[in-house]
Number of protein chains: 2
Amino acid sequence: MEPSAPSRRVTIVDVARHAQVSTTAVSKVLRNAYGASPEMRAKVRRAIDELGYRPHAGARGLRGQTYTIGVMLPDIRNPFFPEILDGITGSLEDTEYQVLLGPGCNGEKAEARVTEAMIDRRMDGIIMIAPVSPRAHLEQVASSVPTVVVGRHGSSPVYDTVVDDDVEGASLIVDHLAGLGHRRIAHIEHRETDPTRRAEMPNARRADGYRQAMRALGLAESIDVVSTSYTQEGGYKGAKELLARPRLPTAVFAGADIVAMGVLEALAEAGLSVPGDISVAGYDNTTFAALGPISLTSVDQAGHEIGRNAARLLLERIADRRRPSVQVRLSPTLVPRRTTARPPE
Amino acid sequence: MEPSAPSRRVTIVDVARHAQVSTTAVSKVLRNAYGASPEMRAKVRRAIDELGYRPHAGARGLRGQTYTIGVMLPDIRNPFFPEILDGITGSLEDTEYQVLLGPGCNGEKAEARVTEAMIDRRMDGIIMIAPVSPRAHLEQVASSVPTVVVGRHGSSPVYDTVVDDDVEGASLIVDHLAGLGHRRIAHIEHRETDPTRRAEMPNARRADGYRQAMRALGLAESIDVVSTSYTQEGGYKGAKELLARPRLPTAVFAGADIVAMGVLEALAEAGLSVPGDISVAGYDNTTFAALGPISLTSVDQAGHEIGRNAARLLLERIADRRRPSVQVRLSPTLVPRRTTARPPE
DNA sequence: CTGAAAGCGCTAACAC
DNA sequence: GTGTTAGCGCTTTCAG
């Protein structure tokens, strides 16, 4: 076996010759296009199988499509994304399209690089998951390739969106805690200064939902929001800040599971038991929320459904680039586990 | 803004015209190829900037390279892979190459589909992380495109490999536990029946390393291996099995962190405290091993280094497809945390 | 050092 | 329904 021998690959010409037809005929069969008789199709299919022919995606892209869908994930570490991805690939696995992921897009610059790379490779469509780029950039991308944006609120005429209702998710948690008897429920949010992002990013929505739900329950005076970041460290710091309050809250709603991890650590250090002394809830229902030793109450975003919808919208838009943009909003569900219980007497 | 307007992109012809040179000249500048005067380069570069030109990767691939590296990850959920990926993208971000990931490759069939897709897109090189495909398939891939295989022992003349020394990792754990005074140390392994895979997959090596280390310490009679799988459930079942033993081990070495999670759950259910009654160690030093409430002793595989080496080897092989294949083996390190301590008196 | 011309593998447009 | 032809945007000869 030669290492990476540049052996000439079977091309459409070889198939045409083998099947004794024109390359156009082969091309039509490949694309299931109109204008080939059943006998011709059969003949061509046989030749394709016999020769083990697979079309060169790049060459196809030069005139037609590349049959490639790009998915941009901001952070491969976020255990919530795999669900979305499964939803996408699941919907696409019976199509001709192949999904390829753009890695490590943390920050606007990296996002721009990846989206450019996808456009330069003439991908047929792009799904951007929880992008942080300014809306203008999203619209610029969408103006050159069919695009679906996942996890950003706000709509645009040029791209479709799929989001989970973060306001509803926050109130699921608040209602759950209030139902258990809690009144002093604190929230740890991700600090967001940019005004556009405040309006569009899920984290800000969760904080809004928390406030809204507290007010609806007549707990307006108990509203207590600590601004840190959606990281374990952010949770740790946020909890430290709450521990310094004159009166401790009886429950903490962390804006993300990873934040809850930091909270649990800080509480353990302070000698407080969960949920005996204080209840803790997260958001995203990530893998580690389900881990036995953690068993964190959380909100599930139906990532699979999000992904399925994103794929569906993208295919629709690839088929008709002028159809009006669509916004899909899904509802989250509460997953109660062992970190929440009635407040201490 | 038009939704996905198919506005004609700037091509190499536009750049050539703008700079008043031939397309050949532009091409040479793009590729930093020999045969262009400094003045010409400057002129072309200016034209490229002014027009915002970016070459079409697919078209380039038709004759030359696509400047795309494919990375195949078996399971995006495995929290160990992001480290490797960071190592790869970090090494490549100052090059012209763009990394794209093939998603969800669990199982031979999915792996084959993804590698085919990468080959059909004429990627310049492929990095396969912990593939499960038979070696013949790996070699077939490698024979048509430069390939580096990560996390598979055993060498091939047609692809390079980067592995972490799993035997050494296992003995780090065993020595650590023995050093604390443990003698009855059990191991939970991933069941592997296929003989080739037994020889090449890391999981089998860890079990071998465990046995070897136990023997070296004169603890041969205490060797106790439970075969389940590298999943949380596998850990849970494995622990249940150990709990049914006439004499409980004082320490459990789980072959992977996720397995340890299941073990912790089963032990908690049985009312045993960790590490008071029994010590637990994992492998991979994943994100959740570091989580405060878990704090699992584990083995760190230096994922970043693995990724850096894989990228380096791949670039070398792209530059010289005939250079003899290389095997890199890296050493793991122990990360002691709170789940391991001296055995009960 | 420079550029004209051929061609990579495929699809679209157009004949027949 | 079928085949012929002309590109898509780039790199690679190969003359000059």
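Residues numbered from 1 in each chain as written. Chains lettered and ligands numbered in written order. Predicted model: local features only at pLDDT ≥ 70, side-chain atom pairs only at ≥ 80, totals over all residues. Heavy atoms only, no water.

- Looking at an unreviewed UniProt entry, one finds chain A named LacI family DNA-binding transcriptional regulator, with Streptomyces himalayensis subsp. aureolus as its source organism.

### Quick look at the packing of aromatic side chains
All names here are of chain A.
Then, number 1: Scanning the model with the defined rule gives five aromatic pairs over all chains in all.
Then, number 2: Members of the aromatic cluster, connected to one another through ring pairs, are Tyr 210, Phe 253 and Tyr 283.
Then, number 3: Directly above the ring of Tyr 283 sits Arg 206, whose terminal nitrogen or CZ lies 3.7 Å from the centroid. (Phe/Tyr/Trp six-rings, centres within 6.5 Å; stacked < 30°, edge-to-face > 60°. Lys NZ or Arg CZ within 6 Å of the ring centre and 35° of its normal.)

### Concerning the protein's contact with DNA strand D
Then, number 1: Taken together, 26 residues form the shell around DNA strand D, and within it A:Thr24, B:Ile12, B:Ser27, B:Tyr53 and B:Arg60 come nearest.
Then, number 2: Sugar plus phosphate: this is where 59% of the atoms of DNA strand D within 4 Å of the protein reside.
Then, number 3: Between DNA strand D and A:Arg63 there is a distance of 2.8 Å, counted from a base nitrogen to a side-chain nitrogen or oxygen.
Then, number 4: In this structure, a base nitrogen belonging to DNA strand D sits 3.4 Å away from a main-chain N or O atom of B:Ala59.
Then, number 5: Per-element accounting of the surface near DNA strand D gives the leading share, four residues, to helix α4 (residues 57-63) of chain B. (Near = heavy atom within 4 Å. Polar contact = N/O pair within 3.5 Å; in protein donor to acceptor, adjacent residues only side chain to side chain. Helix = DSSP H or I, 4+ residues; strand = E, 2+ residues; numbered from the N terminus.)

### Brief notes about the protein's contact with DNA strand C
Then, number 1: Close contacts around DNA strand C come from 26 residues, with A:Ile12, A:Ser27, A:Tyr53, B:Thr24 and B:Ser37 the closest.
Then, number 2: Among the atoms of DNA strand C lying within 4 Å of the protein, the sugar-phosphate backbone contributes 62%.
Then, number 3: For DNA strand C, a phosphate oxygen lies 2.7 Å from a polar atom in the side chain of A:Ser27.
Then, number 4: B:Ser22 places a main-chain nitrogen or oxygen 3.4 Å from a phosphate oxygen of DNA strand C.
Then, number 5: Looking at the surface near DNA strand C, the elements with two or more residues in it are α2 (23-31) and α4 (57-63) of chain A together with α2 (23-30) and α4 of chain B.
Then, number 6: Each residue belonging to the surface near DNA strand C can be placed in one class, and the counts come to 12 nonpolar, nine polar and five charged. (Nonpolar A, V, L, I, M, F, W, Y, C, P; charged D, E, K, R; others polar.)

### Considerations on the interface of chain B and chain A
Interface size, as often reported, equals the accessible area lost upon joining of the parts.
Then, number 1: On the chain A side, the residues contacting the 65 residues of chain B number 64 residues.
Then, number 2: Counting each side, the surface lost to burial between chain B and chain A is near 5500 Å², with a carbon and sulfur contribution of 59%.
Then, number 3: Applying the counting criterion to the chain B and chain A interface returns six salt bridges.
Then, number 4: A salt bridge links B:Arg54 to A:Asp120, with the shortest nitrogen-to-oxygen separation between them at 2.8 Å.
Then, number 5: Inspection of the chain B/chain A interface yields 20 residue pairs in polar contact (both at pLDDT 80 or more).
Then, number 6: Secondary-structure elements contributing two or more residues to the side of chain B that touches chain A are α4, α5 (81-92), β2 (98-102), α6 (108-120), α7 (135-144), α12 (257-269) and α13 (287-290) of chain B.
Then, number 7: For the side of chain B that touches chain A, a count of residues per class yields 34 nonpolar, 15 polar and 16 charged. (Contact = heavy atoms within 4.5 Å. Buried area = accessible area lost by both parts, 1.4 Å probe. Salt bridge = Lys/Arg side-chain N within 4 Å of Asp/Glu carboxyl O.)

### Structural notes on the environment of A:Gly102
Then, number 1: Mapped onto the secondary structure, A:Gly102 falls in strand β2 (residues 98-102).
Then, number 2: Residue class for A:Gly102 comes out buried when judged on its relative accessible area of 1%.
Then, number 3: A:Gly102 sits 26 residues away from A:Ile76 along the chain, and the two C-alpha atoms are 9.7 Å apart.
Then, number 4: The contact partners of A:Gly102, leaving out residues within four places of it in the chain, are A:Val71, A:Met72, A:Leu73, A:Val114, A:Met118 and B:Leu100. (Buried < 20%, exposed > 50% of the residue type's maximum accessible area, 1.4 Å probe, protein only.)

### Remarks on the sheet that holds strand β8 (residues 251-254) of chain A
Residue and element names in this part refer to chain A.
Then, number 1: Pairing within the open sheet is parallel, and its four strands lie in the order β7-β6-β8-β9. Each end of this open sheet is capped by a strand with a single partner; those strands are β7 (224-228) and β9 (279-281). Ignoring strand direction, the axes of neighbouring strands in this sheet form an average angle of 20 degrees.
Then, number 2: Across the sheet, helix α12 (residues 257-269) lies against β6 (185-190), β8 and β9, angled at about 160 degrees from β9, the strand it touches most. (Pairing = 2+ DSSP bridges. Axes fitted to C-alpha atoms, helices over the stretch in contact; angles between N-to-C directions.)

### Considerations on the relation of the copies chain B and chain A
Then, number 1: With an axial shift of 0.0 Å and an RMSD of 0.1 Å, the rotation relating chain B to chain A amounts to 180 degrees. The transformation just described matches what one would write down for a two-fold rotation axis.
Then, number 2: When the interface residues of chain B are mapped onto chain A, 98% of them are again interface residues, pointing to one common binding face. (Least-squares fit on C-alpha atoms with pLDDT ≥ 70 in both.)

### Some details on empty space enclosed by the protein
Then, number 1: Summed over the entire model, instances satisfying the criterion amount to three cavities of 30 Å³ or more.
Then, number 2: In this structure, the largest cavity spans a volume of roughly 190 Å³.
Then, number 3: Looking at the largest cavity, it is lined by 19 residues, and the ones nearest its centre are A:Gly58, A:Thr68, A:Arg121, B:Gly58 and B:Arg121.
Then, number 4: Elements supplying a minimum of two residues to the lining of the largest cavity: α4 of chain A together with α4 of chain B.
Then, number 5: Tallied by class, residues from the lining of the largest cavity come to six nonpolar, 10 polar and three charged. (1 Å grid on protein atoms, 1.4 Å probe; cavity = no way out; pocket = protein on both sides within 12 Å on 5 of 7 lines; lining within 4 Å. Points joined across faces, edges and corners; volume = space filled by probe spheres on them.)

### Some thoughts on the layout of surface pockets
Then, number 1: Looking at the second largest pocket, its volume works out to about 1300 Å³.
Then, number 2: As for the second largest pocket, its lining consists of 43 residues, and the residues nearest its centre are A:Ile119, A:Arg122, B:Arg9, B:Arg54 and B:His56.
Then, number 3: Of all the secondary structure elements, the ones that give two or more residues to the lining of the second largest pocket are α4, α6 (108-120) and α7 (135-144) of chain A together with α2 and α4 of chain B.
Then, number 4: The element that contributes the greatest number of residues to the lining of the second largest pocket is α7(A), accounting for five residues.

### Some details on the environment of B:Glu50
All names here are of chain B.
Then, number 1: Its location among the elements puts Glu 50 in helix α3 (residues 38-51).
Then, number 2: A relative accessible area of 52% places Glu 50 in the exposed class.
Then, number 3: Along the sequence, Glu 50 and Val 15 sit 35 residues apart, while their C-alpha atoms lie 9.0 Å from each other.

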